[in-house]
Amino acid sequence: DAKTTQPTSMDCAEGRAANLPCNHSTISGNEYVYWYRQIHSQGPQYIIHGLKNNETNEMASLIITEDRKSSTLILPHATLRDTAVYYCIVRVGGGADGLTFGKGTHLIIQP
Amino acid sequence: DSGVTQTPKHLITATGQRVTLRCSPRSGDLSVYWYQQSLDQGLQFLIQYYNGEERAKGNILERFSAQQFPDLHSELNLSSLELGDSALYFCASSASPGLGTDTQYFGPGTRLTVL
C-alpha cells in the first residue's frame, strides 16, 4: 500500500470548514484513499473513501487531485465533537491485509 | 455505533496469564480483523479471518492466536502475557474482501492492562 504524509496537527475554529490534507504521491491506479478518525481511544470511525472522483457523504467531502497524488478531507461545519486524530490511508480495493495506520493528523476544534 | 461488538471492555490481569477477547462482526460481514494499539506502536494490524479461515497476518506475536467460529464471531487469545502487551485491542469487520472496496468498521475495543 502507498505511503501517506499528513500534518501532525491542525487547529480549526468551531463552525468553520476543516480542511485536512494528505499526500500520497506513490499511489497506484487500483488504490483507494480512505479516511478514518479516532476520538480519544474509541474505535476508529470510517468517514469516507474514493478512487478518482470527489466524494461526499453526510459526514464529509473528499477531494482527490486529478493526478491522485494528494487529497483533502473537508468537514464542512466543524464542531467540538470533531476533535480527533484523522488518518488518511491508501489501500488496494478489496485487499486482504489490514489497514496501515500512520500517525495521522490531530485536529483540534477551538470554541 | 458501528454494529461491531467487543467484550470485555476492560481486562486487568497479571504477567504470565492468558486471556481471550471476543468480537462479534456486523450482521452479514464475513471478515474480521484484529488490531493492537499501544502508546509506542500506534494502531497495528494483527490478523484477518474470512468466513472461518485465516486470510492475512500482520505483526502478530507467536504468543497470540485467533480464530473465527461458524457463527462468524472471533476470539483473540493472548498467552504468556507481558507488561508490554498492555494495549487497546480493536476488532473490525467488513463484508467480503475481493469485492471492490471492503470498508472496515471498528468495534469499541478492549483495554487490556497487564500488571
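What you see is a predicted model, and the numbers here were worked out from it, not measured in a lab.

The rules behind these values
- Residues numbered from 1 in each chain as written.
- Chains lettered and ligands numbered in written order.
- Predicted model: local features only at pLDDT ≥ 70, side-chain atom pairs only at ≥ 80, totals over all residues.
- Heavy atoms only, no water.
- Helix = DSSP H or I, 4+ residues; strand = E, 2+ residues; numbered from the N terminus.
- Rg over C-alpha atoms; globule rule 2.2 N^0.38 Å.
- Buried < 20%, exposed > 50% of the residue type's maximum accessible area, 1.4 Å probe, protein only.
- Contact = heavy atoms within 4.5 Å.
- Lys, Arg positive; Asp, Glu negative; His and termini not counted.
- Charge placed at Lys NZ, Arg CZ, Asp CG, Glu CD.
- Buried area = accessible area lost by both parts, 1.4 Å probe.
- Salt bridge = Lys/Arg side-chain N within 4 Å of Asp/Glu carboxyl O.
- Nonpolar A, V, L, I, M, F, W, Y, C, P; charged D, E, K, R; others polar.
- Core = buried A, V, L, I, M, F, W, Y, C linked by side-chain atoms within 4.5 Å.
- Disulfide = S-S within 2.5 Å.

Q: Honestly, the overall build of chain A in this entry has me stumped. Any pointers?
A: Within chain A one finds 0 helices and 9 strands. Its helices and strands in sequence order give chain A the pattern β-β-β-β-β-β-β-β-β, from N to C terminus. In summary, chain A has a C-alpha radius of gyration of 13 Å against a globular reference of 13 Å for 111 residues, a match within 12%. With the C-alpha coordinates aligned to their principal axes, the bounding extent of chain A is approximately 40 × 30 × 25 Å. By residue count, 45% of the 111 residues in chain A fall in the buried class. Across chain A, the fraction of contacts at a sequence separation of at least 24, relative to all contacts at a separation of at least 6, is 56%. Within chain A, the 10 negative side-chain charges are centred at a point lying 3 Å from the centre of the 9 positive side-chain charges.

Q: Could you clarify how one ought to interpret the interface of chain B and chain A in this entry?
A: Note: interface size is frequently given as the accessible area lost on complex formation between the parts. In this complex, chain B contributes 22 residues to the contact, which on the side of chain A involves 20 residues. Across the interface of chain B and chain A, roughly 1600 Å² is buried in total on both sides, 54% from carbon and sulfur atoms. Joining chain B to chain A, the criterion identifies 1 salt bridge. B:Asp102 serves as the salt-bridge partner of A:Arg91, at 2.9 Å between the closest nitrogen and oxygen. Within the residue set of the side of chain B that touches chain A, elements represented by two or more residues are strand 4 (31-38), strand 5 (42-50), strand 6 (53-57), strand 9 (87-94) and strand 10 (105-106) of chain B. Of the residues contributing to the side of chain B that touches chain A, the split by class is 11 nonpolar, 8 polar and 3 charged.

Q: What am I meant to see in the nonpolar core here?
A: The nonpolar side chains of soluble globular proteins are, as a tendency, buried together. With 21 residues, the main nonpolar core has A:Trp35, A:Leu73, A:Tyr86 and A:Leu107 as its most contacted residues. Listing elements by their share of this core, those giving two or more residues are strand 2 (18-23), strand 3 (31-38), strand 4 (45-50), strand 6 (61-64), strand 7 (70-75), strand 8 (84-92) and strand 9 (105-110) of chain A. For this core, the element with the most residues is strand 8 of chain A, which contributes 4 residues. Excluding anything up to four places from it in sequence, A:Leu107 contacts A:Met10, A:Cys12, A:Ala18, A:Leu20, A:Leu75, A:Asp82, A:Thr83, A:Ala84 and A:Tyr86. In terms of nonpolar packing, the next biggest core, distinct from the first, is built from 20 residues, B:Val4, B:Leu21, B:Ile47 and B:Leu81 among them.

Q: I tried to follow the state of the cysteines on my own but got confused; where do I start?
A: Using the criterion set out here, one finds 2 disulfides over all chains in the structure. Put simply, A:Cys22 and A:Cys88 are joined by a disulfide, and their sulfur atoms are 2.1 Å apart. On the sign convention where negative means left-handed, the S-S torsion of about -80° between A:Cys22 and A:Cys88 marks this disulfide as left-handed. Here A:Cys88 lies in strand 8 and A:Cys22 lies in strand 2, a separation of 66 residues in the sequence. Residue classification places A:Cys88 among the buried residues on the basis of a relative accessible area of 1%. Here B:Cys23 is linked by a disulfide to B:Cys91, with a sulfur-sulfur distance of 1.8 Å. One disulfide, between B:Cys23 and B:Cys91, carries an S-S torsion of -50° and so falls in the left-handed class. Of this pair, B:Cys23 sits in strand 3 (residues 19-24) while B:Cys91 is found in strand 9, placing the two residues 68 residues apart along the sequence. Neither residue differs from the other here; B:Cys23 and B:Cys91 are each classed as buried.

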